[in-house]
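Chain by chain, the residues run as shown.
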Amino acid sequence: MSAQNLILYTTLGCSLCEKAKVEIWPQLEQFQLQLQSVDIADDEQLTRLFGWSIPVVGLGDTSDVLCWPFTAHELEEWLRARLSSAPS
């Protein structure tokens, strides 16, 4: 089974996004995720949804995301709640 993507909604020059990556990296291996950066500037709907709240992470459902600020522990809990039903 291929790794699932953890999507980081970001944009060019987002300094908070760099801070968020520090919290994100430890979770990638733990949950066997790959980080996929998506630039919201390339998508009008994403700009409307997340323009004031990036960085934002999600698993693909734009109505179920975790907005900055978050700690590694908060991200871990968020991921655990969404991925716990996946087979180990």
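Note: the structure precedes this text.
Residues numbered from 1 in each chain as written. Predicted model: local features only at pLDDT ≥ 70, side-chain atom pairs only at ≥ 80, totals over all residues. Heavy atoms only, no water.

Peer 1: Help me out: how do you make sense of the nonpolar core in this one?
Peer 2: If you look at soluble globular proteins, the nonpolar side chains tend to sit buried side by side. The biggest cluster of nonpolar side chains holds 14 residues, and the ones touching the most others in it are L6, I24, L33, V57, F70, L75 and L79. For this core, the secondary structure elements donating two or more residues are strand 1 (4–10), helix 1 (15–30) and helix 3 (72–83). The leading source of residues in this core is helix 3, at four residues. Residues contacting I24, with those up to four places away along its chain left out, are L6, L8, L35, V57, F70 and L75. Ranked by size, the runner-up nonpolar core spans nine residues in total, among them I7, C14, I40 and I54. (Core = buried A, V, L, I, M, F, W, Y, C linked by side-chain atoms within 4.5 Å. Buried < 20%, exposed > 50% of the residue type's maximum accessible area, 1.4 Å probe, protein only. Helix = DSSP H or I, 4+ residues; strand = E, 2+ residues; numbered from the N terminus. Contact = heavy atoms within 4.5 Å.)

Peer 1: Looking at this model, I keep getting lost on the state of the cysteines. Mind explaining?
Peer 2: In this structure the tally under the stated criterion is one disulfide. Each disulfide pairs two cysteine sulfurs, and for C14 the partner residue is C17, the sulfurs being separated by 2.2 Å. Here C14 and C17 share a disulfide; its torsion about the S-S bond, 80°, makes the bridge right-handed. Residue C14 shares its accessibility class with C17, and that shared class is buried. C17 provides the cysteine sulfur closest to C67, a residue in no disulfide bond, and the two sulfurs are 11 Å apart. A residue is classified by how much of its surface remains accessible, and C67, at 32% relative accessible area, is partly exposed. (Disulfide = S-S within 2.5 Å.)

Fair warning: the whole summary comes from geometry, so function is off the table for now.
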